[in-house]
Amino acid sequence: AAAKLISVDATHAIWPCNTEYEIFTVKRKRHTLGAVFALNHQTPFQKGVPPVIPFAGQARLEGALLDLDKHDWPWSMALVPLIGVNLYELANNHHWRTEFGITNWSTPAPDWMKLPNAGRHGTELDWTHYTFQNYYALVNCGFRLRPSAGTANGVHPVPLGFGRVYVPLPGGFSYNAWIKRFSEGRSFVTTGPMLLAKIDQQLPGFQFTAQPDKTRSIDVEGTVLSEQPVESVEIVLNGQVAARLTPKSRQNRETAYEANFQARVDLAGSGWVAVRCWEPRGSGRKRFAHTAPSFFDVAGQPLKPRKAEVAFLVDRVRTEIERSREILPPEAIAE
């Protein structure tokens with residue numbers, strides 16, 4: 001049967017047809033691939049994976065968004081170009097409100113990310129930086145994944161909505177409007193602070209037309225609301241921190257801490273800008289928020305990624321092909 005929207009009230013709704021494929025065995029052999037979600041499809045899926053292209057084709061026909069669960073799963077980087085993944089969980093279910101629990105990672109971070117322990121394990125903050133830098137590499141290579149969030153509530157000890165995504169709706173709430181703007185990347189994700197930012201007077205996710213051979217000054221401004229004063233607000237330009245601000249927080253009438261920020265960064269040619277912030281908590285832990293990127297495009301002159309980012313993504317795919325060659329069915333290897 002086709003899915004039907006469940007309207008709870010004027011501002012709350014549930015779309016009941018969403019599917020996760022989480023693969024740990026192939027042909028009855030233990031072989032971890034990982035997980036991918038289809039969100040907002042219309043009918044129950046009957047197709048298994050791998051191969052993944054048939055499932056992805058049905059998902060596309062039904063208007064679904066494909067969400068990359070976590071970047072360190074073995075097959076994640078192969079899925080991005082293969083099925084055209086839409087969403088990337090910047091706030092994912094390794095971010096816990098309780099003590100950080102997933103300290104070992106399925107795939108080590110590369111050396112260029114400069115993470116401790118050879119990129120194999122680390123703190124919650126290390127994991128967050130690994131998550132961010134992997135995302136930046138994908139965006140720099142032309143994969144415009146939009147940020148998403150998830151908690152695995154019921155599986156991990158994480159409250160529903162601890163990691164979450166917000167989509168501004170100037171015309172008021174409706175599910176169709178929400179899912180459309182979510183798909184467009186007009187959003188921010190958070191594990192705590194509310195990051196209300198504008199990039200060149202537009203909400204995050206806007207696509208600007210840029211002029212060739214001309215440096216553009218980009219104004220970034222906004223407000224952060226948080227339970228504790230934020231430590232910093234950072235402007236990310238093509239995956240690098242271009243400005244780090246330390247705005248002064250004050251308590252407002254609702255006793256939340258409120259901090260305003262304003263900055264200007266220069267961009268030559270094509271590129272993208274996003275905003276992130278950090279809210280310190282006890283025991284050295286931090287909560288964060290991160291906007292979707294806004295893109296500045298020069299026609300015919302796309303952003304050139306860094307060689308290390310290209311090599312990292314290519315190596316992830318090559319490694320997965322060799323690891324799976326004797327286990328996956330031929331059509332999956334052919335994909």
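Keep in mind that what you see is a predicted model, and the values were worked out from it rather than measured.

Conventions adopted
Residues numbered from 1 in each chain as written. Predicted model: local features only at pLDDT ≥ 70, side-chain atom pairs only at ≥ 80, totals over all residues. Heavy atoms only, no water. 1 Å grid on protein atoms, 1.4 Å probe; cavity = no way out; pocket = protein on both sides within 12 Å on 5 of 7 lines; lining within 4 Å. Points joined across faces, edges and corners; volume = space filled by probe spheres on them. Helix = DSSP H or I, 4+ residues; strand = E, 2+ residues; numbered from the N terminus. Nonpolar A, V, L, I, M, F, W, Y, C, P; charged D, E, K, R; others polar. Core = buried A, V, L, I, M, F, W, Y, C linked by side-chain atoms within 4.5 Å. Buried < 20%, exposed > 50% of the residue type's maximum accessible area, 1.4 Å probe, protein only. Contact = heavy atoms within 4.5 Å. Axes fitted to C-alpha atoms, helices over the stretch in contact; angles between N-to-C directions. Parallel < 35°, antiparallel > 145°, perpendicular 65-115°, else oblique. Polar contact = N/O pair within 3.5 Å; in protein donor to acceptor, adjacent residues only side chain to side chain. Phe/Tyr/Trp six-rings, centres within 6.5 Å; stacked < 30°, edge-to-face > 60°. Lys NZ or Arg CZ within 6 Å of the ring centre and 35° of its normal.

## Section: the layout of surface pockets
Roughly 1400 Å³ of volume is contained in the largest pocket. Around the largest pocket, the lining comprises 37 residues; the ones closest to its centre are Asn18, Leu39, Ala149, Gly150 and Leu160. Of all the secondary structure elements, the ones that give two or more residues to the lining of the largest pocket are strand 2 (12-14), strand 3 (18-26), strand 4 (29-39), strand 7 (146-149), strand 8 (164-166) and helix 4 (175-184). In the lining of the largest pocket, the residues fall into 17 nonpolar, 13 polar and seven charged.

## Focus on the nonpolar core
Among the nonpolar cores identified, the biggest contains 64 residues, and Phe55, Trp75, Leu79 and Ile83 are the most heavily contacted of them. A per-element tally of this core places helix 3 (residues 124-140) first, with seven residues. Apart from residues lying up to four places away in sequence, Leu79 is in contact with Val36, Val52, Leu68, Gly84 and Val85. One finds Ala197, Ile218, Ala263 and Val273 within the second-largest nonpolar core, a separate group that totals 26 residues.

## Regarding the packing of helix 2 (residues 76-83) against helix 5 (residues 307-324)
Following both chains from N to C, one finds helix 2 and helix 5 inclined at 100°, their axes separated by 8 Å at the closest point. Taken together, the axes of helix 2 and helix 5 are roughly perpendicular relative to one another. Across from Ser76, Met77 and Ala78 in helix 2, the residues of helix 5 making contact are Leu313, Arg316 and Val317. Residues that form the contact of helix 2 with helix 5 fall into these classes: four nonpolar, one polar and one charged.

## Focus: the side chain of Ser148
Within the fold, Ser148 resides in strand 7. Overall, Ser148 belongs to the buried group, its relative accessible area being 2%. Here Glu89 takes part through its backbone nitrogen, which lies 3.5 Å from a polar atom of the side chain of Ser148. If sequence neighbours within four positions are ignored, Ser148 has contacts with Asp67, Leu87, Tyr88, Glu89, Leu90, Ala91, Phe182 and Val189.

## Considerations on the packing of aromatic side chains
Considering all chains together, one arrives at 20 aromatic pairs under this definition. Consider the rings of Phe132 and Phe288, whose centres lie 5.3 Å apart with planes at 85°: the pair is edge-to-face. You can see Phe132 sitting in helix 3 and its partner Phe288 sitting in strand 18 (residues 286-291), a full 156 residues away along the chain. Take Phe132 and Phe288: they sit in the same class, and that class is buried. Arranged with centres 6.3 Å apart and planes meeting at 55°, the rings of Tyr135 and Tyr136 form a pair that is tilted. Relative accessible area serves as the criterion here: at 0%, Tyr135 is assigned to the buried category. For Tyr136, a relative accessible area of 3% corresponds to the buried category. What links up through ring pairs into an aromatic cluster is the set Tyr88, Phe132, Tyr135, Tyr136, Trp272, Trp278 and Phe288. Above the plane of the ring of Phe295 lies Arg144, whose end atom (NZ or CZ) is 3.9 Å from the centre.

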